[in-house]
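Below, each chain spelled out in residue letters.
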Amino acid sequence: MEVKTSLLDNMIGVGDMVLLEPLSEDSFLENLRKRFDHNEIYTYIGSVVISVNPYRSLPIYSPEKVEEYRNRNFYELSPHIYALADEAYRSLRDQDKDQCILITGESGAGKTEASKLVMSYVAAVCGKGQEVNKVKEQLLQSNPVLEAFGNAKTVRNDNSSRFGKYMDIEFDFKGDPLGGVISNYLLEKSRVVKQPRGERNFHIFYQLLSGASDDTLKKLKLNRDFSKYNYLSLDSAVVTGLDDAASFRTVKNAMQIVGFMEDEVQSVLELVAAVLKLGNIEFKPESRCNGADESRVKDKNDLKEMCELLGIEQTVLERAFSYRTVEAKLEKVSTTLNVAQAYYARDALAKNLYIRLFSWLVTRINESIKAQTKSRHKVMGVLDIYGFEIFEDNSFEQFIINYCNEKLQQIFIELTLREEQEEYVREGIEWTNIEYFNNAIICDLIENNQNGIMAMLDEECLRPGTVTDETFLDKLNTVCAEHQHFESRLSKNSKFLNDHSLPHSCFRIQHYAGKVLYCVEGFVDKNNDLLYRDLSQAMFKANHSLIKQLFPEGNPAKVNLKRPPTAGFQFKASVGTLMKNLQTKNPNYIRCIKPNDKKAAHIFTESLVCHQVRYLGLMENVRVRRAGYAFRQLYGPCLERYKMLCKRTWPHWRGPEREGVEVLMADLQVPTEEFSYGRSKIFIRNPRTLFFLEERRRQCLQDLATLIQKIYRGWKCRTHFLLLKKSQIVVAAWYRRYAQQKKYQKIKSATTVVQSYTRGWQARKLLRELKHQKRCEEAASTIAAYWHGAQARRELRRLKEEARRKHAVAVIWACWQGLKVRREYRKFFRANAGKKIYNFTIQRIMQKYFLALRRTLPSMSPIDKSWPARPYRFLDAAHAELRAIFHLWRCKKYRSQFTEEKKAVYEEKLEASELFKDKKSLYPSSVSQPFKGDYLEISKNPKYHKLSSCVEEKVLLADVVNKINRANGKGASRILLLTKKNVLLADQKTGQVKASVALPDLASVSVSTQNDGFFALKLREGSASAVKGDFLLSSEHLIETITKLHHIGSTASDDGVRLNVDITDEFLVQFKQDKVCVKFIQGAPKNGNGASCKRKNNRLLEVSVPATA
Ligand SMILES: Nc1ncnc2c1ncn2[C@@H]1O[C@H](COP(=O)(O)OP(=O)(O)OP(=O)(O)O)[C@@H](O)[C@H]1O
Ligand SMILES: [Mg+2]
């Protein structure tokens, strides 16, 4: 789809009639037609939207279209009702101006559709959210409910609004809808009981019968057949393109969304059913004795069902249809009703029931959709009132409807034409007045309080005496005859006297939209709008809460004898209030035009459209717009809006606002003929200038947005940077703190160490000093002690000396005394008494000594060296002697426990000790080893049986030795046998004797001083055994072997020469002819701890002995 970006883009005809050239009625109509043919149904006159009913759905109301027009300038895109709705909504939201959308046009021109489009657009663009959506939904869904009860098919419109509707939608400061208030104006209630030919009753009757379930219909005691109901005209019950059943479901759903309770919906349907039933009640005359006819209900079935539905007592209602009670002051007069009066009463009840139900519905909807908050609201009013009507038979309703349209035309003229022109004069703009028709005169004809038609009607209704429609017409003929817009057959206005087309019972008003002939029949009744009190009281008695509510005047406790205000009076008052309300708001106009009378698409009946263009005053509208200025604005808002377009006014203009605008326009180089400066406003002649300003503003806003973005980004980055910097400082501070802490801790610990060292040093110094002091003190003490000691000893010596001297003196004295005594008493003692005492004393002492000795004798171990200390010095010799005796005795005792073998063993051990003690390192380890001798148990072991048999003597030693091979120093296992005469070497495996050396042939044995088991058996030179040379052997029992050899060798030799045992680390061994030196060296400890022998050269065998630990 082609997207238009400007009103001027791809324009079909002219989008804004202000730009039409040349301007004439023909060109105006031609432009409308051309645009209509191209599906361009909307055209502007400045800010007024002309809408031509296309009678078919056009693809111009999609959500994409809504988005396209959203927040766009009014003249930016091609004309659309959305542009007007957007403009109104934005000025409401942004400029805080209450708005009203005035939709006018004749019946079927598309007012209701336009109002729905406006509401749906506003709902689409305003705020969203759960609560807001609910409000929107409720506002939108109020339409189907009200349309079902208030719209009907007429000859002009299949969905004609039969009531006027003004809806205030309330918004909060953000532009979110809060709720709404609906005002309804005069429902055409006569339709309930009678419809003109080709028209229908209100939709709800047909919808209920077509769409309700069988069950519901049964409950409501209804029949699906329309023909069963007198109130439903039959000739156009079914309307093509209207699905009543589907609409019924929509209505029920809408009622639920709006907030009707289940039982409320049910009550409403019961009332609708009751109205249908009421229509079926028929009456028959019954003659009374006074000759008058009294009406009686013909067939009571419908009455019964209706009463059951509404919970009314049948007899009460029945009586109300037969009698009428008139109360005047304290009097009550009951009159009978004839059949005609009964029918009148029935229809009045039906109409009242329906109209009150409708009003209740509006109140109930208002209750649901009213704004919940009390805060100040912004208001957008949408007025969709019945259009101007000219029927064949025009009655009171048409009179009222057309009066309302006159008032709306008046307000349009007021605000667009008169107000506009007056504004130019007020603002001091040069202006040539444009003539236009002001319909104030017609309004005055109808509504004037003294002699207006409505005032006349009311006067007639309230007048005592016989009042008929004719008397009313007469009155009109007298009062209004002079009025140029009033015509009647009897009018005094002579120019109409000859008009025979005017029937007698009619009058004609020349409305702004044409002449309308009104038939006065029913005017008085309809204006009175009376319902017999008996009927309202019967209704009040109903056991049905809704009915009770609808007829409060039926309450006998609230009987009011005052006449209620007439219908005309009420309507005039509510229209007055509406007009006042509209005048406080910023008006937005949608002028609906009906292209043809056939309700058909694509047909543009020029004469019909021309008529509408004329009476709507559209040409005058264009002329005023063209002669004047397309756009005006107060200097303040204008400067505020466009000041960014000029460097001098941006961002602030300090001077007067007008001067600011002047500077701005001069700077923008707008041609001077394009605008004028008024007293308080600037007037812009051409919309294009406005587009230009808006476009510049849009561009400028983009630049400003970029600038703001730039500054914002800069600010954001800087803030971020500062934050980072701050953070970095914090981090650094924390890190420094941490580092300093560490450093401090290090220094602290270092200081502590230094301190501790210093303190240690000081302490040690102090300790040293203290020690020194102590030593000094000790030394002093010692010296003192020594000195004291010396003193004491000297004193002791002195004392001893003194004592000795005293003792000596005493002894001498005693001796001398003794001598003296003895000399004196010698004669009395035997000469040897002293000797005896002496001996006795000696004996006692000896006795005591021996007894003590016996107790303290040492152990019996010969090696125990202890001996009790001597008690008396004179026993020294005896004591030593006794010690020697005791030792000998215990040695003897010790020896006496040995056997001969043990003794021999010990002797051998003794001999070994003599031979090796302190000479060979191996010796200490052998001391604890017993000398076993026959290690191989040669005589017992069968393996050595052969060997033992070769040996004659007793084997003293049998052991495995290694015979060292001189060639490589390696050893070969041999069995060494030692007898009293021989030394034998035998093969270990075979037991074959390899060598036998007679002991006398053995010259000496050489061993090392070290911890090894090597030994060399050296043979006596020249002996028989010496032929093969000496033997170099190694034994694990070297000490025992050599000791035994030495012992046996000594005993075996004839000459008593003992076998030589050389203990040296280097000795010669005669191997056959060669002498080889065997040298023992200390080697590193090896595994097994054994000595190893290595041949170094021909003359040297080196035995490496591991050093013992
Ligand atoms: N914009 C539109 N697009 C398509 N069809 C439309 C449009 N406007 C009106 N109509 C058609 O015209 C019919 C009559 O329109 P609408 O009911 O709005 O007329 P009205 O001016 O409200 O008449 P009344 O005064 O009788 O209520 C609608 O039922 C619809 O079929
Ligand atoms: Mg309508």
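Structure report, in brief. Everything numeric in this text was worked out from a predicted model, so none of it was measured. (Residues numbered from 1 in each chain as written. Chains lettered and ligands numbered in written order. Predicted model: local features only at pLDDT ≥ 70, side-chain atom pairs only at ≥ 80, totals over all residues. Heavy atoms only, no water.)

## Points about the overall build of the protein chain
In terms of helices and strands, the protein chain carries 32 helices and 31 strands. Taken along its principal axes, the extent of the C-alpha atoms in the protein chain is 215 × 100 × 80 Å. Out of the 1109 residues belonging to the protein chain, those deemed buried represent 47%. Contacts in the protein chain between residues at least 24 apart in sequence constitute 63% of all its contacts with a sequence separation of at least 6. Within the structure as shown, the protein chain displays about 58800 Å² of accessible surface, and the carbon and sulfur contribution to it stands at 54%. (Helix = DSSP H or I, 4+ residues; strand = E, 2+ residues; numbered from the N terminus. Buried < 20%, exposed > 50% of the residue type's maximum accessible area, 1.4 Å probe, protein only. Contact = heavy atoms within 4.5 Å. Areas by Shrake-Rupley, 256 points an atom, 1.4 Å probe, with all protein chains shown as cover.)

## Things to note about the site of ligand 1
Surveying the vicinity of ligand 1 reveals 18 residues, the closest of which are Asn 53, Ser 107, Thr 112, Ser 160 and Ser 161. In the environment of ligand 1, an oxygen atom lies 3.3 Å from a nitrogen or oxygen atom belonging to the backbone of Ala 109. In this structure, an oxygen atom belonging to ligand 1 sits 2.8 Å away from a side-chain N or O atom of Asn 157. When ligand 1 is considered free in solution it has 620 Å² of accessible area, and contact with the protein chains removes 87% of it. Those elements that place two or more of their residues in the shell around ligand 1 are α4 (111–125) and β5 (160–161). For the shell around ligand 1, the element with the most residues is α4, which contributes three residues. (Near = heavy atom within 4 Å. Polar contact = N/O pair within 3.5 Å; in protein donor to acceptor, adjacent residues only side chain to side chain.)

## Observations regarding helix α19 (residues 533–540)
Count 3.6 residues to each turn of an α-helix, and residues three or four apart come out pointing the same way. For α19, the buried fraction is high: seven of the eight residues fall into the buried class. Residues of α19 that are buried: Asp 534, Leu 535, Ser 536, Gln 537, Ala 538, Met 539 and Phe 540.

## Focus: the coordination of the magnesium ion (ligand 2)
Taken together, the protein donors to the magnesium ion (ligand 2) comprise Thr 112 (OG1) and Ser 161 (OG), at separations of 1.9 to 2.1 Å. Placement of the pair is Thr 112 in helix α4 and Ser 161 in strand β5, with a sequence separation of 49 residues. Accessibility assignment for this pair places Thr 112 and Ser 161 in one class, buried. (Donors = N, O, S within 2.8 Å, 3.2 Å for Na, K, Ca; no water.)

## Re the packing of aromatic side chains
Enumeration according to the criterion identifies 36 aromatic pairs in this entry. Look at Tyr 44 and Phe 74: their rings are 4.4 Å apart centre to centre, the planes differ by 25°, and that puts the pair in the stacked class. Highlighted residues: Tyr 44 in strand β1 (residues 42–45) and Phe 74 in the loop between α2 (63–69) and α3 (81–95), separated in sequence by 30 residues. Residue Tyr 44 is classed as buried on the basis of its relative accessible area of 0%. Taking 5.5 Å as the distance between ring centres and 90° as the angle between the ring planes, the aromatic pair formed by Phe 399 and Tyr 518 counts as edge-to-face. (Phe/Tyr/Trp six-rings, centres within 6.5 Å; stacked < 30°, edge-to-face > 60°.)

## A short note on the sheet that holds strand β21 (residues 971–978)
Sheets are built from strands paired through backbone hydrogen bonds, the pairs being either parallel or antiparallel. The mixed open sheet is built from eight strands, whose spatial order is β23-β22-β21-β20-β26-β25-β24-β27. Two strands in the sheet have a free side with no partner beyond their single neighbour: β23 (993–998) and β27 (1060–1063). Shown here is a sheet whose adjacent strand axes are inclined to one another by a mean of 30°, direction ignored. Note that strand β24 (residues 1002–1007) and strand β25 (residues 1014–1019) share five bridges and pair antiparallel. (Pairing = 2+ DSSP bridges. Axes fitted to C-alpha atoms, helices over the stretch in contact; angles between N-to-C directions.)

## Here we look at the sheet that holds strand β17 (residues 631–634)
Reading across the sheet, the three strands line up as β17-β19-β18 and stay open at both edges, with antiparallel pairing between neighbours. Every interior strand has two partners, whereas the edge strands, β17 and β18 (675–677), have only one. Going from strand to strand, the sheet's axes swing by 15° on average, the running direction of each strand aside. Seen against the sheet, helix α24 (residues 635–642) touches β17, β18 and β19 (681–684) and runs at an angle of roughly 100° to β17.

## So, a positive patch on the surface
On the surface, Lys 892, Lys 893, Arg 895 and Lys 903 cluster together into a patch of positive charge. Residue placement: Lys 903 occurs in helix α29 (residues 900–916). (Patch = residues over 30% accessible without salt bridge, like charges linked within 9 Å, V, L, I, M, F, W, Y side chains within 5 Å. Salt bridge = Lys/Arg side-chain N within 4 Å of Asp/Glu carboxyl O. Lys, Arg positive; Asp, Glu negative; His and termini not counted. Charge placed at Lys NZ, Arg CZ, Asp CG, Glu CD.)

## Here's the deal with a nonpolar patch on the surface
On the surface, a cluster of nonpolar side chains totalling about 460 Å² of accessible area is made up of Val 809, Ile 812, Trp 813 and Trp 816. Relative to the elements of secondary structure, Val 809 occurs in helix α26 (residues 687–825).

## Re the nonpolar core
If you look at the biggest cluster of nonpolar residues, it comprises 211 residues, and the most contacted ones within it are Phe 28, Phe 149, Phe 205, Leu 317 and Phe 507. The element best represented in this core is helix α13 (residues 339–369), accounting for 16 residues. Non-local contacts of Phe 205, meaning those with residues more than four positions away in its chain, are made with Val 192, Leu 232, Val 272, Val 275, Leu 276 and Tyr 354. Counting 30 residues, the second largest nonpolar core, distinct from the first, contains Phe 916, Val 961, Val 983 and Val 1005. (Core = buried A, V, L, I, M, F, W, Y, C linked by side-chain atoms within 4.5 Å.)

## Observations concerning the packing of helix α7 (residues 203–211) against helix α9 (residues 244–258)
Interhelical geometry of α7 versus α9 gives an angle of 100° and a closest axis separation of 7 Å. When the axes of α7 and α9 are compared, the pair comes out roughly perpendicular. Packed against α7, whose contacting residues are Tyr 206, Gln 207, Leu 208, Ser 210 and Gly 211, the element α9 presents Asp 244, Ala 245, Ser 247, Phe 248 and Val 251 at the interface. Partitioning the contact of α7 with α9 into residue classes produces five nonpolar, four polar and one charged. (Parallel < 35°, antiparallel > 145°, perpendicular 65-115°, else oblique. Nonpolar A, V, L, I, M, F, W, Y, C, P; charged D, E, K, R; others polar.)

## A few points about the pattern of salt bridges
Summed over all chains, the structure comprises 52 salt bridges. Of the charged contacts, one joins Glu 397 and Lys 526 as a salt bridge, the two residues approaching to 3.2 Å between their closest N and O atoms. Taken together, the residues Glu 397 in helix α14 (residues 396–427) and Lys 526 in helix α18 (residues 523–528) connect sequence positions 129 residues apart. Residue Lys 526 is classed as partly exposed on the basis of its relative accessible area, which comes to 23%. A salt bridge links Glu 460 to Lys 475; its shortest N-O distance comes to 3.7 Å. Of the two residues, Glu 460 is situated in helix α16 (residues 453–462) and Lys 475 in helix α17 (residues 469–479); the sequence distance between them amounts to 15 residues.

## Quick word on the environment of Lys 902
Within the fold, Lys 902 resides in helix α29. A sequence separation of 154 residues divides Lys 902 from Lys 748, and the C-alpha atoms of the two residues are 80 Å apart.

## Topic: the pairing of β23
Sheet topology places strand β22 (residues 982–987) next to β23; five bridges connect them, and they run antiparallel. Bridging from a neighbouring strand, Leu 985 pairs with Ala 995 of β23. In textbook terms, the turn of a hairpin is the stretch between consecutive antiparallel strands, and for β22 and β23 this stretch comprises five residues, one of which, Gly 991, has a positive phi near 80°.

## Some thoughts on the environment of Leu 985
Note on placement: Leu 985 falls in strand β22. Sequence separation of Leu 985 and Thr 112 is 873 residues, and the distance between their C-alpha atoms is 149 Å. If near-sequence neighbours (up to four positions away) are discounted, Leu 985 is found in contact with Val 961, Arg 974, Ile 975, Leu 976, Gln 992, Val 993, Lys 994, Ala 995, Phe 1031 and Leu 1033.

## Brief notes about α24
Those residues of α24 lying buried are Tyr 635, Gly 636, Cys 638, Leu 639 and Tyr 642. Projected onto a plane normal to the axis of α24, the buried residues spread over an arc of 170° and lie on a single side. (Arc of directions from axis to C-beta.)

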